[in-house]
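Reading the structure
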Amino acid sequence: MILLAAEETIKSENPNLGGNLKLIALIAILGAITFWLAQYVQSQISPSGFTDNDDFVRLVQAKDLLAGQGWYDPVQYRLGLAEGTVMHWSRLIDAPIALALYIGGQEFASIAWPFFLSVLAFAGLFYGAFKFGGRDALFPMMVAGFGALWSVNRFWYASFDHHNVQIVLLIWTVVLIVPKYATPSGMAIAGLLCALMLAIGIETLPHVAIIGIWVFFALIMNAVTRRHAAAFAGGLAVSSVLLVPGLLPLSQWTHGACDSFSIFQVTLALAGGGALFLAAMSSRRPLQLAIMLLGGIVGFLAIYHFFPSCLENPFSKMPPLMREFWLDKVIEVQSIVVMVIVQPATFLAYFAIPAVAINLCIIALRRRYERASASLFLALIFVGLVLSFWQVRAIVFVVILSLIPMAIAVSIARKRTIDTRKLSVALTTMILYIASFAPFWSFPAHAFGPLTNSLVAAAADAAQPGEPEKKSDLCYDETLYSVLASEPTGVVLSSTNVGARILAHTGHRAIAGPYHRNVEGILFQIRTMTGTPEIARSAIASEGVTHIADCVWGPDAYDFIKAEPDGFQAQLIEDHTRFDWLELIPETGDKPLRIFRVVQ
């Protein structure tokens, strides 16, 4: 559907350019194949044995759906205490992964799903580069796109988490709405893509809001037509409403949830999209401004009255224990300030490209024919950077959005190099090429990261006894779970990161997993591992825990030991034989993941 809209866009504006869509599709496929071949080579040279927790649990969700769990049933029954954990993830992601599993099994899905998304991501980036810079911008975008997709690590093998889908939707939304070659049908599809972003996850809500605001200002500045603005607004509002019966049971239609698709997101889409549609129906600028202002007021009052909690910090009501031992250790939800302090070298790898892109957009604002598109990219990149001061995970979207301005700048510099043949211009082109290649900015992180991070850790007196030799020592190796998988199905107490792997590699229920809705499970883990052995034994018996999976190198363990040197976790690592109600499975005794049977 997206590619068809792109084809209509190109042909409607210039019939001679219709064949370029085939070129874009071809190089997108070739780019994705090259990207995956590079992955394979890298995996043979330096296998990491590591996959993100969310990828594991998303795979489990898809398997459960395929096994017959209800479409409207969001509970992960093998996570948390006896009643399970209500997940906030969307079935829009579970469904295609389940389909891939049905077609070819887990290995097929682990390759096919992220490969398909990488093709769409490359195609969107190439199409955007082509719209702004013609064929001259395609090669620079190939270089920049390959580097960025490699660095953001969201399109790799077994990437089942939803961020890659959101990235693809955001790319295509932006390239479909920018004024050059935009069409009403493309604008309507962009509105649909915005609705899908809202339905998949709340992370992209600020981006959707900025896009809607930009369309309105582009309307009053005559950068887009009334018909184009109305098409986008209608696509957003109507699609949001149509998604409700597909994703929510009738009993949930009036129930608001801030972190998952609900009437809360629909209200925002209707208020914003509806006001923009009505404004586009008018030709008088004062009336357009009044309508949008009224729509904003109505939307805010509706949220304030019906969903006041959604205006608060989503983690403000999290129990202090959970914040201290879990949330404060999750880097992606920390502020950029924390990254500067804890991982100063890595900071450069994330923020260099957006910083360069902002400057390029500001320069482009001086040129009238680029002003509209440059303002859109500038707004999205700037807001993304501001959001990263709250949660650093917003930077992933910023890096990807920065690629198109970077590629255009490179293509312009290349053309000037050919025309002028000046050394200074050629050097500028080379510098822009290097600056647009994201892995380049990772070199300082790899070269100086261990040094700076060690200095920071020493200064903070946070050094841990000993160091793991490889990532598998942190209990990320799948083979560590074979013994546990062979045990009779039961309930396992472990660290949060291990919990996600227990779900993926075994049939057991995991008490704790790294999710903010797993409140009771994480609190149970913290209180048990930091409590006295007597408290721990009573809690384990009350919840019917059958196994303890103790990750020797896990960060949780050292946090618990530091907090309570005489607690259950500390004594378990010091000498497990003192507990006659625990039986160490011998095959795991010399491994980083020790498995204990609970003998009550």
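Predicted, not measured: the structure shown is a model, and the values here were computed from it.

On average, the chain scores 87 in pLDDT, and the residues at 70 or more come to 90%. Scored below 50 in pLDDT, residues 2-17 shows 28 contacts in the model against residues more than four places distant or in partner chains. Taken as a whole, residues 451-465 scores under 50 in pLDDT and shows 14 contacts with residues more than four places along the chain or in a different chain.

Moving on, we come to the pattern of salt bridges. The full count for this structure, using the stated rule, is 11 salt bridges. In this structure, the salt-bridge partner of arginine 58 is aspartate 94, at a minimum N-O distance of 2.8 Å. With a gap of 36 residues between them, arginine 58 in helix 3 (residues 53-66) and aspartate 94 in helix 4 (residues 91-133) connect regions that are remote in the sequence. This pair shows no difference in class: arginine 58 is buried, exactly as aspartate 94 is. We note a salt bridge from arginine 597 to glutamate 487, for which the minimum N-O separation is 2.8 Å. One end of the pair, arginine 597, is in strand 7 (residues 593-598); the other, glutamate 487, is in the loop between helix 20 (482-486) and strand 3 (491-494), with 110 residues separating them in the sequence. What makes glutamate 487 buried here is its relative accessible area of 13%.

The subject of this paragraph is the nonpolar core. Grouped together as the largest cluster of nonpolar side chains are 128 residues, with contacts concentrated most on Trp172, Ile177, Val215, Phe232 and Ile400. At 19 residues, the largest contribution of residues to this core is made by helix 4. Counting 31 residues, the second-largest nonpolar core is a separate cluster that includes Met318, Ile522, Leu523 and Phe524.

Within the secondary structure, serine 151 sits in helix 5 (residues 138-152). Separated by 24 residues in sequence, serine 151 and tyrosine 127 place their C-alpha atoms 21 Å apart. With near-sequence residues (within four places) excluded, serine 151 lies in contact with Ala438, Pro439 and Ser442.

With 15 residues, helix 5 should cover 21 Å at 1.5 Å per step; its first-to-last C-alpha distance of 21 Å lies within 8% of that length. Along helix 5, the positions that sit buried rather than exposed are Leu138, Pro140, Met141, Ala144, Gly145, Gly147, Ala148, Leu149 and Val152. In the core, the buried residues of helix 5 are packed alongside helix 2 (20-45), helix 4, helix 16 (395-401), helix 17 (403-420) and helix 18 (423-436).

Overall, the coordinates contain 2 disulfides when judged by the stated rule. Paired through a disulfide, cysteine 258 and cysteine 310 show a sulfur-sulfur distance of 1.9 Å. Disulfide cysteine 258-cysteine 310: the torsion about the S-S bond is -90 degrees, which places it as left-handed. Residue cysteine 258 is found in the loop between helix 9 (226-247) and helix 10 (263-281), and its partner cysteine 310 is found in the loop between helix 11 (285-306) and helix 12 (320-325); the two are separated by 52 residues along the sequence. When its relative accessible area of 18% is taken as the criterion, cysteine 310 is described as buried.

Reading guide: rules and limits
- Residues numbered from 1 in each chain as written.
- Predicted model: local features only at pLDDT ≥ 70, side-chain atom pairs only at ≥ 80, totals over all residues.
- Heavy atoms only, no water.
- pLDDT = per-residue confidence, 0-100.
- Contact = heavy atoms within 4.5 Å.
- Salt bridge = Lys/Arg side-chain N within 4 Å of Asp/Glu carboxyl O.
- Helix = DSSP H or I, 4+ residues; strand = E, 2+ residues; numbered from the N terminus.
- Buried < 20%, exposed > 50% of the residue type's maximum accessible area, 1.4 Å probe, protein only.
- Core = buried A, V, L, I, M, F, W, Y, C linked by side-chain atoms within 4.5 Å.
- Expected span 1.5 Å × (residues − 1).
- Disulfide = S-S within 2.5 Å.

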